[in-house]
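# Examining the three-dimensional arrangement
Here are the chains, one letter per residue:
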Amino acid sequence: VKFNCTASGNPAPQISWYYGNTVMSSATNTTLSNKSDSDGVNHIFNVRSTITLVNISKSIDEGEYHCLGSGNNLTYATISSGILTVFVPPKEITAPLSVVVDENLETNFTCQMY
């Protein structure tokens, strides 16, 4: 999963990423990358920051992500946020018991899922 954020200014703005209210840094499943270029005329620096999440875990990674551009003379910033929802296929908790049934009779199997 990738989230992108952009900001422009001179000097080049800094972009910070947050998970909830916590500032993020690179972790084992997170990659932060920043690219900066100048427009060549007004010396405005355009910074694009991308956060990439791999090996996503529902219990660790699900939640709100947002970015914030900051710096002197900030011309433009996208303060964007997104909510990552992780869907996990159901797992069998208890399997149905084996039952012997005479032909033409009905039976029920019960199993608990989450």
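Report follows, based on the coordinates. (Residues numbered from 1 in each chain as written. Predicted model: local features only at pLDDT ≥ 70, side-chain atom pairs only at ≥ 80, totals over all residues. Heavy atoms only, no water.)

This brings us to a nonpolar patch on the surface. On the surface, a nonpolar cluster with roughly 510 Å² of combined accessible area is contributed by Leu97, Val99, Val101, Leu105 and Phe109. When you line up the elements, Val101 lands in the loop between strand E9 (92-94) and strand E10 (112-113). Exposure remark for Val101: the relative accessible area of 34% places this residue in the partly exposed category. (Patch = residues over 30% accessible without salt bridge, like charges linked within 9 Å, V, L, I, M, F, W, Y side chains within 5 Å. Areas by Shrake-Rupley, 256 points an atom, 1.4 Å probe, with all protein chains shown as cover. Salt bridge = Lys/Arg side-chain N within 4 Å of Asp/Glu carboxyl O. Helix = DSSP H or I, 4+ residues; strand = E, 2+ residues; numbered from the N terminus. Buried < 20%, exposed > 50% of the residue type's maximum accessible area, 1.4 Å probe, protein only.)

This part is about the pattern of salt bridges. In a structure, side chains of opposite charge can pair up when their charged atoms sit close to one another. Evaluation of the coordinates by the stated rule reveals one salt bridge. For Glu62, the salt bridge identified is with Lys58, shortest N-O distance 3.1 Å. What makes Glu62 partly exposed here is its relative accessible area of 27%.

By size, the foremost hydrophobic cluster in this structure holds 13 residues, and its most contacted members are Phe3, Ile15, Trp17, Tyr65 and Leu84. Of all the secondary-structure elements, those providing two or more residues to this core are strand E1 (2-9), strand E2 (14-19), strand E5 (45-53) and strand E6 (63-70). Apart from the residues within four sequence positions on either side, Ile15 is in contact with Cys5, Thr6, Ala7, Val47, Ser49, Cys67, Leu68 and Gly69. (Core = buried A, V, L, I, M, F, W, Y, C linked by side-chain atoms within 4.5 Å. Contact = heavy atoms within 4.5 Å.)

Along the chain, the position of Ser8 falls in strand E1. Since its relative accessible area comes to 10%, Ser8 is described here as buried. A polar atom in the side chain of Ser8 sits 2.7 Å from the side chain of Asn46. (Polar contact = N/O pair within 3.5 Å; in protein donor to acceptor, adjacent residues only side chain to side chain.)

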